[in-house]
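Residues per chain are reported as follows:
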Amino acid sequence: MPLRSGGPITIAGTGRVAQAIGRLLAEYGEPVVTVAGRNPAHARAAAVFIGHGVEPAGLVAPASSSARVLITVSDSAIQEVARHLAHTGMKHGIALHTCGAMGPE
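Sequence order sets the numbering: in each chain, residues are counted from 1 along the sequence as written. Per-residue local features of the predicted model are confined to residues with pLDDT of at least 70, and side-chain atom pairs are confined, for both listing and counting, to 80 or more; whole-chain, interface and lining totals are unaffected and use all residues. For the side-chain quantities, the full set of heavy atoms in the structure was used; hydrogens and water were omitted.

Enquirer: Looking at this model, I keep getting lost on the pattern of salt bridges. Mind explaining?
Expert: When the charged atoms of two side chains with opposite charge come close together, those side chains can pair. Take a side-chain nitrogen of Lys or Arg and a carboxyl oxygen of Asp or Glu: if they are within 4 Å of each other, that pair is a salt bridge. This structure, assessed with the given rule, holds two salt bridges. Arg-23 is paired through a salt bridge with Glu-27; the nearest N and O atoms lie 3.4 Å apart. A residue pair is termed a helical-turn pair when its members lie 3 or 4 positions apart in one helix, as Arg-23 and Glu-27 do in helix α1 (residues 16-27) at four residues. Between buried and exposed lies partly exposed: a residue is buried under 20% and exposed over 50% of the maximum accessible area for its type, with that area taken using a 1.4 Å probe on protein chains only. Given the relative accessible area of 47%, Glu-27 is considered partly exposed. The numbering of helices and of strands both runs from the N terminus, where a helix is a DSSP run of H or I of at least 4 residues and a strand a run of E of at least 2.

Enquirer: Any chance you could explain the sheet that holds strand β5 (residues 94-97) here in plain terms?
Expert: What links the strands of a sheet is backbone hydrogen bonding, and the strands pair in either a parallel or an antiparallel sense. By the convention used here, strands pair only if DSSP detects at least 2 bridges between them. Taken in spatial order, the five strands of this open sheet run β3-β2-β1-β4-β5, and their pairing is parallel. Both outer strands of the open sheet, β3 (55-58) and β5, are each paired with one neighbouring strand and no more. Ignoring which end each strand starts from, the neighbouring axes of this sheet average 20° apart. Relative to strand β4 (residues 68-71), strand β1 (residues 9-12) runs parallel, the two being bridged by four bridges. Each bridged residue has a counterpart across the sheet, and for Ile-11 the counterpart in β4 is Leu-70. Packing against the sheet, helix α2 (residues 40-50) makes contact with β1, β2 (32-37) and β3, and its axis sits at approximately 155° to β2. Axes, fitted as lines to C-alpha atoms, cover a helix only where it is in contact. Angles between the N-to-C directions of the axes lie from 0 to 180 degrees. Any two residues whose heavy atoms approach within 4.5 Å are treated as being in contact.

Enquirer: Would you mind going over the pairing of β1 with me for this structure?
Expert: Moving residue by residue along a regular strand, the side chains alternate between the two faces of the sheet. On β1, burial covers both faces: Ile-9 and Ile-11 on one face and Thr-10 and Ala-12 on the other are all buried. One ladder, built from four bridges, connects β1 with β2; its direction is parallel. Paired with Ile-9 across the strands is Val-32, a residue of β2. Note that the unit made of β1, α1 and β2 has a crossover that is right-handed. Seen with its strands pointing away from the viewer, a crossover is right-handed if its path from the first strand over the helix to the second goes clockwise.

Enquirer: How should I be thinking about the packing of aromatic side chains in this particular structure?
Expert: The geometry of an aromatic ring pair is captured by two quantities: the separation of the ring centres and the angle between the planes. Working definition: rings of Phe, Tyr and Trp (its six-membered ring) pair if their centres are within 6.5 Å, and the pair is stacked with planes under 30 degrees apart, edge-to-face with planes over 60 apart, and tilted otherwise. Tallied over the full model, the rule gives zero aromatic pairs. We call a charge positioned above a ring when the Lys NZ or Arg CZ atom is no farther than 6 Å from the ring centre and deviates by at most 35 degrees from the ring normal. Cation over ring: Arg-23 sits above Phe-49, and NZ or CZ is 4.3 Å from the ring centre.

Enquirer: What is the right way to look at the confidence of the model for the protein in this model?
Expert: In regions of low pLDDT, the predicted coordinates are not meant to be interpreted in detail. The pLDDT score gives, residue by residue, the confidence of the prediction method on a 0 to 100 scale. Per-chain confidence: the protein averages 84 in pLDDT, with 84% of residues scoring 70 or above. At the level of individual helices and strands, the protein shows its lowest average pLDDT in β5, which scores 81, and its highest in α2, which scores 96.

Enquirer: How should the nonpolar core be read in this particular structure?
Expert: Soluble, globular proteins show a tendency: their nonpolar side chains are buried together. Side-chain atoms within 4.5 Å are what join buried Ala, Val, Leu, Ile, Met, Phe, Trp, Tyr and Cys residues into a set we call a nonpolar core. If you look at the biggest cluster of nonpolar residues, it comprises twelve residues: Ile-9, Ile-11, Ala-18, Leu-25, Ala-26, Val-32, Val-35, Ala-46, Ala-47, Ile-50, Val-54 and Leu-70. The set of elements that each furnish at least two residues to this core consists of β1, α1, β2 and α2. If we ignore the near neighbours within four places in the chain, the residues touching Ile-50 are Ile-11, Ala-18, Gln-19, Gly-22, Arg-23, Ala-26, Val-32 and Val-35. Ala-12, Leu-59, Val-73 and Ala-77 belong to the second-largest nonpolar core, a separate cluster that totals eleven residues.

Enquirer: Help me understand unusual backbone geometry, please; the structure alone is not making it clear to me.
Expert: Leaving glycine aside, a negative phi is the common case for residues, and trans is the common case for peptide bonds. Phi is positive for His-52, which is not a glycine, with a value near 55°. Its location among the elements puts His-52 in the loop between α2 and β3.

Written out as structure tokens, the structure reads:
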């Protein structure tokens, strides 16, 4: 099932959710370009798992080069990542958080 690409994707987070969704997106032809996390080794491992030329990055890497950001961090880290996105110049595009424990508020 082909998806309609909306531009480059950065994934903030390096855990199982980030890796699974990143790999599926990449396999469906979506341009996942970066996976970012606080731990460089985890970011490298996630990038290798996703494959398709995905580059690892630190969480401080700017997301302004991506039209879409998938936030797969724990609920307690959402505010930190949102602040980071605001400070790195993300003014357009889509930021989506995968949340299993909290409501949309």
